[in-house]
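Spelled out from the first residue to the last, the chains are:
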Amino acid sequence: MSFIELNNIVKIFKDPQRGTDMLAIDHVSLSVEKKQLVCLLGPSGCGKSTLLNMIAGFEKATEGEVLVAGKPILGPGADRGMVFQQPNLMPWLPVWDNVAFALKLQGMNKKNRRQAAQPFIDAVKLTGFENHLPGELSGGMAQRVGIARALLQNPAVILMDEPFAALDAQTKLDMQEELVTIWQRYNSTIVFVTHSVDEALILGTQVVIMTHRPGRIRERIVIDLERPRDITSNAFNHIKRHILELIREEAQLARQDQQVAA
Ligand SMILES: Nc1ncnc2c1ncn2[C@@H]1O[C@H](COP(=O)(O)OP(=O)(O)OP(=O)(O)O)[C@@H](O)[C@H]1O
Ligand SMILES: [Mg+2]
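Let me sum up the structure you'll find in this document. Every chain is numbered independently, its residues counted from 1 as its sequence is written. Chains carry letters from A onward and ligands carry numbers from 1 onward, assigned in written order. Local features are withheld for residues below a pLDDT of 70 in this predicted model, meaning they are given only at 70 or higher, and side-chain atom pairs are given and counted only at 80 or more; totals for whole chains, interfaces and linings count all residues. Side-chain metrics in this entry use all non-hydrogen atoms of the structure; hydrogen atoms and water are not considered.

## Description of the sheet that holds strand S3 (residues 37-41)
Strand order in the open sheet formed by six strands is S6-S7-S8-S3-S9-S10, and the pairing between neighbours is mixed. The two strands at the open ends of the sheet, each matched to only one other strand, are strand S6 (80-83) and strand S10 (217-222). Mean inter-strand twist for the sheet, computed between neighbouring axes without regard to direction, equals 15°. Across four bridges, S3 lies against strand S9 (residues 206-210) in parallel orientation. The residue of S9 that forms the bridge with Leu-41 is Ile-209. In this fold helix H1 (residues 48-56) packs onto S3, S6, strand S7 (157-161), strand S8 (189-194) and S9, with an angle of close to 155° to the strand it touches most, S7. Where helix H5 (residues 139-152) meets the sheet, its contacts fall on S6 and S7, and the angle it forms with S6 comes to roughly 175°. We treat two strands as partners when DSSP finds at least two bridges between them. Runs of E in the DSSP output that reach at least two residues are strands. Runs of H or I that reach at least four are helices, and both are numbered from the N terminus. In this description, a line fitted to the C-alpha atoms serves as the axis of each element, helices being fitted only across the stretch in contact, and the angle between N-to-C directions of two axes falls anywhere from 0 to 180 degrees. Contact criterion: two residues are considered in contact whenever any of their non-hydrogen atoms come within 4.5 Å of each other.

Written as structure tokens, this is what we have:
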């Protein structure tokens, strides 16, 4: 049995106003081994966030089951840390207190929380910014606080939903590099959702390409390019061309489906 297992997942969203059902995920099965960094790639609306939210326990599958470490997921838990596109920080708390927020909820005193936060602040290269408020941080720095906050709980799985999508190109590259370092250092298991083929190929040990809606798995590719990944290399671009071809096909199929529906 794999560390994360999605078995035959179907997700239907009900629209109570229109009285209609919408099939978002159509029999998806996916297994992720420990220490993998799996990138879920697919067009907008194909169900990437829905799948991630099911692993997180925020959404329930209509059919099928999600298992982590052999246990069915029935709701959110500290074993699964989530990093969102927006870091959702508490604006009135300094960086260190945001990072250690889970410990505050557990009632840990200030001195111990401050101490516990430091290694994670260092790991995301925010040393010196411990007492800054979120409003004083750049987008990339705020996103690092979100990552440090997820790491602090020592989750078995880190789930990331387009965490770098809002960052400028250079900051994005820096953050991708840092994420790989963190992933190697903490031996994390990461499921990472992205729209970007480059991002998936820079980060992933595997890339899972989804179809247009309803989401199914189109192809799963093991990426064994050496790290750090060279985005100009022939090997990188060979895989990139193949994935872009699949994405083009999916976009075309989506347009055909829309025409039939219209
Ligand atoms: N809570 C919800 N209620 C109703 N429909 C939903 C809900 N969440 C998602 N959907 C629908 O399910 C489909 C998949 O949505 P999802 O957010 O998982 O896509 P995505 O692949 O993450 O897209 P994007 O790349 O734009 O973030 C979409 O058609 C969306 O409208
Ligand atoms: Mg999404």
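## Notes on the site of ligand 1
In the vicinity of ligand 1 lie 14 residues, with Ser-44, Gly-45, Lys-48, Ser-49 and Thr-50 positioned nearest. Cys-46 places a polar main-chain atom, nitrogen or oxygen, 3.2 Å from an oxygen atom of ligand 1. Two N or O atoms form a polar contact when they lie within 3.5 Å of each other; inside protein one atom must be a possible hydrogen donor and the other a possible acceptor, and for residues adjacent in sequence the pair counts only when both atoms belong to side chains. Contact between ligand 1 and His-195: an oxygen atom at 3.0 Å from a side-chain N or O atom of the residue. Here ligand 1 has 640 Å² of accessible area as a free molecule, and 63% of this is covered by the chains. Mapped onto the shell around ligand 1, the elements with two or more residues apiece are strand S2 (20-32) and H1. Only a single heavy atom is needed: when it lies within 4 Å of a molecule or strand, its residue is near that molecule or strand. Areas reported here follow the Shrake-Rupley algorithm with a probe of radius 1.4 Å; residue values treat only the protein chains shown as occluding.

## Thoughts on unusual backbone geometry
Cis geometry is found at the peptide bond from Arg-213 to Pro-214, where omega equals -5°. With respect to the secondary-structure elements, Pro-214 resides in the loop between S9 and S10. A cis amide bond links Arg-227 to the next residue, Pro-228, at an omega of -5°. Mapped onto the secondary structure, Pro-228 falls in the loop between S10 and helix H8 (234-261). Phi at Ala-69 takes a positive value of approximately 50°, unusual for a residue other than glycine. With respect to the helices and strands, Ala-69 occurs in the loop between strand S4 (63-68) and strand S5 (71-72). The rule is simple: take the accessible area with a 1.4 Å probe, protein chains only, and divide by the maximum for that residue type; under 20% is buried, over 50% is exposed, in between is partly exposed. Classification of Ala-69 by relative accessible area gives partly exposed; the value is 46%. Here Glu-162, not a glycine, exhibits a phi torsion of approximately 45°, which is positive. Residue placement: Glu-162 occurs in the loop between S7 and helix H6 (169-186).

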